[in-house]
Number of protein chains: 2
Amino acid sequence: MHALSDSTRRDIVRRCLVSEASVSRLAEQYPMSFAAVQKHVAVLEQAGLVTKERSGREQLVRTDVEAVRRARTAIDQLEAVWRARVDRMTDLLNEPKGDTHEREER
Amino acid sequence: MHALSDSTRRDIVRRCLVSEASVSRLAEQYPMSFAAVQKHVAVLEQAGLVTKERSGREQLVRTDVEAVRRARTAIDQLEAVWRARVDRMTDLLNEPKGDTHEREER
DNA sequence: TTCACGTACAACCATTTGGTTGTACGTTAG
DNA sequence: CTAACGTACAACCAAATGGTTGTACGTGAA
């Protein structure tokens, strides 16, 4: 998930893991507009990292603990991919065989 | 290094680790213009991942093995940072203390 | 010597991303 | 009831990024 690539979003996730908060109350904590924070929350929600629950006219944001755990393992895997990539590169030093290029993810 | 965040650049690094190649010969391998490849090489060169050596009218590109190794440890550290971040989040589940937000890297 | 080749670089373009302001709308406090 | 609040969303903006074409220039093959 690239949803956690932004530091503001990471902080929102952290905050709402401690205690749920309305979008406005969240917005007060950051040096940006309400709309910006609302967008961040929307991104997090779409990524399944956070859930919103209506309470009166407020929308309470809460972090999904399991999603965070899932993200953690995703990070582990991503790291593994990278390591494998670099490993493969350095390996090619010793056993130089012909290889072809394929377009991959991005 | 974000220089390795692009798959084309990763492939260039890989290729030039196996055997050095001129920019044109590299460019032939990818579905993009010569200029685009040349830019990628420039990025890699500036990141110190690759060196160029003039040979006649060609410019031979070669991957710096040590730089790749350095990149590898950088990846390791980056992963550690992320893990620490997620760890800290999940930790907050158990010991909920008040905390303040600080803007960080991006 | 000349001309094609390999290179560098500028100018431009489309897309993504994080931000803004403004508007619309439902809900609840007074 | 009405006004203020909390929210959603559209429209716009600026910067970054990966791509393009076009131009300029040095060098080596013919």
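Let me begin by describing the structure that accompanies this report. (Residues numbered from 1 in each chain as written. Chains lettered and ligands numbered in written order. Predicted model: local features only at pLDDT ≥ 70, side-chain atom pairs only at ≥ 80, totals over all residues. Heavy atoms only, no water.)

With respect to the pairing of strand β2 (residues 50–55) of chain B
Residue and element names in this part refer to chain B.
- Relative to strand β3 (residues 58–63), β2 is paired through six bridges, and the arrangement is antiparallel. Bridge pairing in β3 places Glu53 opposite Leu60.
- Between β2 and β3, which pair antiparallel in sequence order, lie two residues; one of them, Gly56, sits at a positive phi of approximately 70°. (Pairing = 2+ DSSP bridges. Helix = DSSP H or I, 4+ residues; strand = E, 2+ residues; numbered from the N terminus.)

Remarks on the side chain of Asp11(B)
Residue and element names in this part refer to chain B.
- Tracing the chain through its elements places Asp11 in helix α1 (residues 7–18).
- Overall, the relative accessible area of 6% leaves Asp11 in the buried class.
- Within the structure, the side chain of Asp11 is placed 2.9 Å from the side chain of Arg14, a separation counted as a polar contact. (Buried < 20%, exposed > 50% of the residue type's maximum accessible area, 1.4 Å probe, protein only. Polar contact = N/O pair within 3.5 Å; in protein donor to acceptor, adjacent residues only side chain to side chain.)

Regarding the protein's contact with DNA strand D
- Around DNA strand D, the structure places 22 residues, and the nearest of them are Ser24(A), Gln59(A), Ser33(B), Lys39(B) and His40(B).
- Restricting the count to atoms of DNA strand D within 4 Å of the protein gives a sugar and phosphate share of 62%.
- Between DNA strand D and Arg57(A) there is a distance of 3.4 Å, counted from a sugar or linking oxygen to a backbone nitrogen or oxygen.
- Broken down by secondary-structure element, the contributors of at least two residues to the surface near DNA strand D are α2 (23–28), α3 (34–46) and β3 (58–63) of chain A together with α3 (34–46) of chain B.
- Of the residues in the surface near DNA strand D, the class split is six nonpolar, seven polar and nine charged. (Near = heavy atom within 4 Å. Nonpolar A, V, L, I, M, F, W, Y, C, P; charged D, E, K, R; others polar.)

None of this, on its own, says anything about what the molecule does.
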